[in-house]
Amino acid sequence: MKFERIKSSAVLLPLDDVDTDQIIPARYLKTIKKDGLGKHLFADWRYSSEGDEHGDFALNQPSSKGASILIMGVNFGCGSSREHAAWALVDYGFRAVIAKSFADIFRTNALKNGLLPIAIDAETHAELVAMVAANPEAQLSVDLDDQQLVLPNGTTLTFPLDPFSKRILIEGANELDYILSFEDAISAYESEHD
Amino acid sequence: MSPRALFDKVWDAHVIAQEEGSPAILYIDLHLIHDVTSPQAFAGLRESGSKVRRPDKTVATMDHSTPTLPVTFELRDEMAWAQLDQLKANCEEFGVRLYAMDSDKRGIVHVIGPELGLTQPGLTVVCGDSHTSTHGAFGALAFGIGTSEVEHVLATQCLLQRKPKNFRVHVDGFMQPGVSSKDLILALIAKIGVNGGTGYALEYTGAAIRAMDMEQRMTVCNMSIEAGARTGMIAPDDTTFEYLSGREFAPKDDAWDAAVQKWRELVSDPEAEYDRSIDFDAANLEPMITFGTNPGMAIPITAPVPDPKENHSLIPTAALEKALAYMDVAPGKPLLGHKLDVVFLGSCANGRLSDLRQAAQFLKGRKIADNLRMLVVPGSQAVKHQAEAEGLDRIFIEAGAEWRQAGCSMCLAMNGDEVAAGEYVISTSNRNYEGRQGVGARSFLASPLTAAASAVEGVITDVRAYL
């Protein structure tokens, strides 16, 4: 999946230390497929025990429909290694998550599924949260080529991303092919160590 | 060569290639597989027409969605069964060794790896499970990976990985009676925060760590991920070698002697530098308990629950408020005497034989309180059988607890073992997230001893009152 430029409103859920059990509870991990998990995204925060949508939850706001950017707080995606968390976010329609920081395994899983983790500093984060809170329809844009995030007020900032991950995202390339290009080195290692 | 830490030694020995600006290609010695995070990886192999490169370095078991009670046809969870059947079919098709439901060697993946002697010093170990850090207790470089990475390792026996920084956790002093390695790791996570270890490989050193047996060390390493660190390591020593000696997949005879000689080199050089270091005194530790909704929200059992109005903790105030509301616990006073509905003894944190022995020793001749139910779930079938040989099952049953089959069970509550909404559970597992142990369930994490004493009293209890 190639990463295209994004222009979208954002869903605001700027909580800290949100774990992957919240992103997708374990009872939805009995699937043997990757798709169809978007409906379970944030299930226990999004629905009542009867399955009705909680009107006050961020994802259920009218302004959230169709948004492809999610704004979270510190340490997003901590806990379990379940890649189902990234699959659920992507299946729902998110293409980028903006947060103050990400958990290591989640960040890796996100990048493998075309979901861009954008880490921004606390001050900018606070400004962004205020802007989106004031105007939920406010548009943000993300340009991966230039590694630029444009905030609703026009402020443009550059976000960090390693060149390898960037290339994988832009080309929609498969990391497995990259590893396989080292076949000779892998075989040599095995014959030396077996 | 400049002085290196244990982590660097194991890392360096496994780097196959490292291009400028790209992650390293790391060779994997042991790949553990389970029911929940592998189906999509095998499907990927099938799609690309790939094989499992090294079935001999790949071992599968069933643990996450497995029932802990005998399954009747009417009660079985069709989705879970389909997933278990899929693992069986995948392992047959790709030639992977599987410890299935009927195997005596089946169990939680992080319990059976060490138990079978598969986990060894200096190996790289991965599994699609964040608690793979457990295996670091043997001086292995072990970390949890996602399902895409499971597919990469199946196909190539390699993983793309960025080198983390080094973080030494030095623990001196000796733990007081009633305090365990679970209390130590909860105290550490509370001190550095749930993201204090993010981007780091932890190494645990010091007299307190050396004094621990392997099962206690595994509890410490298991919860490294709860501080955000994908891996946590302990240098192997005689305790490690003694544990491994004679286990099914441990080297034998001359190969054993050669292995031990090599493993003795797996220590950090005295001059090794760490990116971060902290010192910890185990002698001052009290039994710990969590009060909130992540493992960093932990306090000494006699200490008051933090008050959001005067928050001096690392926990963001909004998160603290949200956690207290979810848990419905009062700030400003200790949790001692707080009501409980369920006790869970088990998991890859504390479901090993020594954990069961400790709890059983406490429960012998005692009864759990009438107001609660207690589930005892051995970490593996081997733990279960050994416990039964020692009569521990009788002690638990006579005390009023339920004795179950091995599995992850109520730790993540995807197999039907769950806590009802609003109920309080004291649990020896490693995560107290919202809904982790059942939708709306409220979890207090603690040691097996604290759980056993609380089971008897029916409320949160300081086990030291009994010592």
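Residues numbered from 1 in each chain as written. Chains lettered and ligands numbered in written order. Predicted model: local features only at pLDDT ≥ 70, side-chain atom pairs only at ≥ 80, totals over all residues. Heavy atoms only, no water.

S.K.: Break down the sheet that holds strand β17 (residues 402–403) of chain B for me, with residues and values.
M.R.: Residue and element names in this part refer to chain B. Judged by pairing direction, the sheet is parallel, and its five strands sit side by side in the order β17-β16-β15-β18-β19 without closing on themselves. Two strands bound the open sheet, and with one partner strand each, they are β17 and β19 (442–445). The pairing of strand β15 (residues 342–345) with strand β16 (residues 373–376) spans four bridges and is classified as parallel. The residue of β16 that forms the bridge with Phe-344 is Leu-375. (Pairing = 2+ DSSP bridges. Helix = DSSP H or I, 4+ residues; strand = E, 2+ residues; numbered from the N terminus.)

S.K.: For empty space enclosed by the protein, give the residues involved together with the corresponding values.
M.R.: For the structure on display, the rule yields four cavities of 30 Å³ or more. What the largest cavity holds in volume is close to 210 Å³. Of the residues in the lining of the largest cavity, the class split is seven nonpolar, eleven polar and four charged. Each pocket or cavity is described by its volume, and for the second largest cavity that value is around 80 Å³. Lining the second largest cavity are Gly77(A), Cys78(A), Gly79(A), Ala103(A), Asp104(A), Ile105(A), Phe106(A), Val194(B), Ile225(B), Gly228(B) and Arg230(B). (1 Å grid on protein atoms, 1.4 Å probe; cavity = no way out; pocket = protein on both sides within 12 Å on 5 of 7 lines; lining within 4 Å. Points joined across faces, edges and corners; volume = space filled by probe spheres on them. Nonpolar A, V, L, I, M, F, W, Y, C, P; charged D, E, K, R; others polar.)

S.K.: Tell me about the packing of aromatic side chains, residues and numbers included.
M.R.: All names here are of chain B. Tallied over the full model, the rule gives 18 aromatic pairs over all chains. With a centroid separation of 5.8 Å and 40° between ring planes, the pair formed by Phe-7 and Trp-11 is classed as tilted. Residue Phe-7 and its partner Trp-11 are located together in helix α1 (residues 6–12), separated by four residues, close to a single helical turn. Each member of the pair, Phe-7 as well as Trp-11, carries the same accessibility label: buried. Between Phe-167 and Tyr-200 the ring centres are 5.2 Å apart and the planes differ by 70°, which places this aromatic pair in the edge-to-face class. Residue Phe-167 is found in strand β9 (residues 165–172), and its partner Tyr-200 is found in strand β10 (residues 200–205); the two are separated by 33 residues along the sequence. Overall, the relative accessible area of 0% leaves Phe-167 in the buried class. (Phe/Tyr/Trp six-rings, centres within 6.5 Å; stacked < 30°, edge-to-face > 60°. Buried < 20%, exposed > 50% of the residue type's maximum accessible area, 1.4 Å probe, protein only.)

S.K.: Explain the pairing of β19(B) to me, using residue names and the numbers behind them.
M.R.: Residues and elements named next belong to chain B. Residues Arg-442 and Phe-444 line one face of β19 and the alternating positions Ser-443 and Leu-445 line the opposite face, and both faces are buried. In the sheet, strand β18 (residues 424–427) pairs with β19 via four bridges, with the strands oriented parallel. Counterpart to Ile-426 in the pairing with β19 is Phe-444.

S.K.: Residues and numbers for the sheet that holds strand β12 (residues 276–281) of chain B, please.
M.R.: Residue and element names in this part refer to chain B. Spatially, four strands are ordered β11-β10-β9-β12 in an open sheet, and the strand pairing comes out parallel. Because the sheet does not close on itself, it has two edges, and the strands there are β11 (231–233) and β12. In this sheet, neighbouring strand axes are inclined to one another by 20° on average, regardless of whether the strands run parallel or antiparallel. In this sheet, β10 lies alongside β9 in parallel orientation, the contact comprising six bridges. Following the sheet pairing, Lys-165 is matched in β10 by Tyr-200. Its contacts with the sheet put helix α6 (residues 181–192) on β9, β10 and β12, and the angle it makes with β12 is roughly 130°. (Axes fitted to C-alpha atoms, helices over the stretch in contact; angles between N-to-C directions. Contact = heavy atoms within 4.5 Å.)

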